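# Tertiary structure, described
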Amino acid sequence: MNTIFLIGIAIFIVSILLWWLIVTTEGVYLGRNVVIWLYDFYAQRYDTIKNTQLDYELAFTAQPIIDRLPIADPLVLDVASGTGRLPEVLLRHDEFAGQIIAVDLSRAMLIVAAQKLKSAMEQGHVYLLNSPAEKIPLPDNSVDVVTCLEALEFMMNDRVVLSELVRVLRPNGLLVITNRQGRDRYLMLGKVRSHAQFRQLLEKEFDLKIEHVNSSWSDIYALFIARKNGISDPIGTKEALWHILRCPKCEANALQPKSGYAIPTWECKHCGHLIQQAFDGIIDLGL
Ligand SMILES: C[S@@+](CC[C@H](N)C(=O)[O-])C[C@H]1O[C@@H](n2cnc3c(N)ncnc32)[C@H](O)[C@@H]1O
């Protein structure tokens with residue numbers, strides 16, 4: 001009897017632990033591969049679970065960004081873009097005429113994004129890159145806006161990711177990022193900061209100036225908009241991605257279109273690395 005009771009308790013504890021590791025914290029304590037594997041697994045259901053409302057997103061996500069832009073056609077980088085929520089809402093906004101580079105490491109999430117953004121991709125308004133947030137294949141100071149929604153707490157090292165986001169952002173450009181809130185955040189030990197700590201991190205360590213905080217943005221996230229210190233001219237929309245894309249292998253700005261392949265292919269003139277755009281439109285960095 002005692003043994004059966006103890007086995008029951010053990011199964012209960014292990015189940016709670018597994019639930020916490022896999023469902024509540026989405027694999028973040030098990031490593032990046034597990035996080036991405038879980039997003040690959042949930043990708044087809046992600047939008048149904050999230051159920052974001054376009055009118056709300058236009059008013060409270062796109063509008064505060066657009067209000068702060070000096071030009072209508074900025075170059076935007078959306079990191080951990082998932083199923084393309086941010087590109088979708090920006091492209092639906094009447095006052096937005098820019099270009100978006102969306103990166104995510106979950107290919108299955110990007111496949112859903114590609115289905116929704118097919119025509120915008122064909123017109124060169126949005127590019128989807130299968131790439132990690134920890135190593136963004138863009139030069140320093142090369143985009144007008146960097147966004148990273150509902151993702152920072154799932155990164156193995158948020159400081160490494162924040163340095164990348166700030167590195168590629170031009171001086172005077174905007175960083176749009178969420179910080180987790182609500183009771184759930186106490187379950188993500190060591191992964192979530194209070195808003196005051198997050199503000200301090202952005203201002204003191206990354207030299208950003210916070211312009212907007214919306215703590216009613218969602219039940220579990222506050223939206224922060226911060227500006228990178230310094231002055232620079234707006235970047236604006238570029239003709240083609242490979243003009244700005246950096247080789248993910250050797251980091252040289254030396255990509256050139258390469259003929260002779262069935263799918264669009266670029267070669268790094270410096271190290272010979274190949275990057276290809278698959279039939280579904282997603283650009284695989286080949287690493
Ligand atoms: C909660 S979803 C947010 C997606 C989207 N930004 C949104 O607001 O709907 C988190 C995303 O982060 C991505 N992700 C997690 N770790 C990543 C990493 N190290 N590099 C790139 N993407 C990552 C996941 O694949 C997933 O698509």
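One structure accompanies this document, and this report is about it. Computed from a predicted structure; not experimentally measured. (Residues numbered from 1 in each chain as written. Predicted model: local features only at pLDDT ≥ 70, side-chain atom pairs only at ≥ 80, totals over all residues. Heavy atoms only, no water.)

### Observations regarding the packing of helix H2 (residues 32-50) against helix H5 (residues 107-116)
Taken N-terminus to C-terminus, the directions of H2 and H5 make an angle of 30 degrees; their axes are 7 Å apart at the nearest point. Taken together, the axes of H2 and H5 are roughly parallel relative to one another. Note on element contacts: H5 touches H2 through Arg-107, Ala-108, Met-109, Val-112 and Lys-116, opposite Tyr-39, Asp-40, Ala-43, Gln-44, Tyr-46 and Asp-47. (Axes fitted to C-alpha atoms, helices over the stretch in contact; angles between N-to-C directions. Helix = DSSP H or I, 4+ residues; strand = E, 2+ residues; numbered from the N terminus. Parallel < 35°, antiparallel > 145°, perpendicular 65-115°, else oblique. Contact = heavy atoms within 4.5 Å.)

### Points about the environment of Gln-181
Here Gln-181 is to be found in the loop between strand E5 (169-180) and helix H8 (195-205). Look at Gln-181 and you get buried, because its relative accessible area is 11%. With 41 residues separating them along the chain, Gln-181 and Ala-222 place their C-alpha atoms 6.7 Å apart. Polar side-chain contacts of Gln-181 include one of 2.8 Å to the backbone oxygen of Ser-215. A polar side-chain atom of Gln-181 sits 3.2 Å from the main-chain carbonyl oxygen of Tyr-221. (Buried < 20%, exposed > 50% of the residue type's maximum accessible area, 1.4 Å probe, protein only. Polar contact = N/O pair within 3.5 Å; in protein donor to acceptor, adjacent residues only side chain to side chain.)

### Quick notes on a nonpolar patch on the surface
On the surface, a cluster of nonpolar side chains totalling about 1,000 Å² of accessible area is made up of Val-14, Leu-18, Trp-19, Ile-22, Val-23, Leu-30, Trp-37, Phe-41, Tyr-42 and Ile-49. Among the elements of the structure, helix H1 (2-24) and H2 are those that each provide at least two residues to the nonpolar patch. By residue number, the principal contributor to the nonpolar patch is H1, which donates 5 residues. Position of Phe-41 among the secondary structure elements: in helix H2. (Patch = residues over 30% accessible without salt bridge, like charges linked within 9 Å, V, L, I, M, F, W, Y side chains within 5 Å. Areas by Shrake-Rupley, 256 points an atom, 1.4 Å probe, with all protein chains shown as cover. Salt bridge = Lys/Arg side-chain N within 4 Å of Asp/Glu carboxyl O.)

### Some points on the packing of helix H3 (residues 54-66) against helix H4 (residues 85-92)
Relative to each other, H3 and H4 sit at 80 degrees, their axes nearing to 9 Å. One element, H3, and the other, H4, form an angle in the roughly perpendicular class. Contact residues: Leu-54, Glu-57, Leu-58, Thr-61, Ala-62, Ile-65 and Ile-66 in H3; Arg-85, Leu-86, Val-89, Leu-90 and Arg-92 in H4. Taken together, the residues of the contact of H3 with H4 sort by class into 8 nonpolar, 1 polar and 3 charged. (Nonpolar A, V, L, I, M, F, W, Y, C, P; charged D, E, K, R; others polar.)

### Considering the site of the ligand
Around the ligand, 21 residues are found, and the nearest of them are Tyr-46, Ala-80, Asp-104, Ala-133 and Leu-149. Between Asp-104 and the ligand, the recorded distance is 2.6 Å, taken from a side-chain N or O atom to an oxygen atom. Surface burial for the ligand is 98%, taken as the share of its 590 Å² of free accessible area covered by protein chains. Looking at the shell around the ligand, the element that brings in the most residues is H2, giving 5 residues. (Near = heavy atom within 4 Å.)

### A look at the sheet that holds strand E8 (residues 255-257)
Here 11 strands make up an open sheet; going across it, the order is E6-E7-E5-E4-E1-E2-E3-E11-E10-E9-E8 and the pairing mixed. Of all strands in the sheet, those bounded by a partner on one side alone are strand E6 (208-214) and E8. As defined by bridge partners, E8 adjoins strand E9 (residues 265-268) across 3 bridges and the pair is classed as antiparallel. Across the sheet, the residue bridging to Leu-255 is Cys-268, located in E9. (Pairing = 2+ DSSP bridges.)

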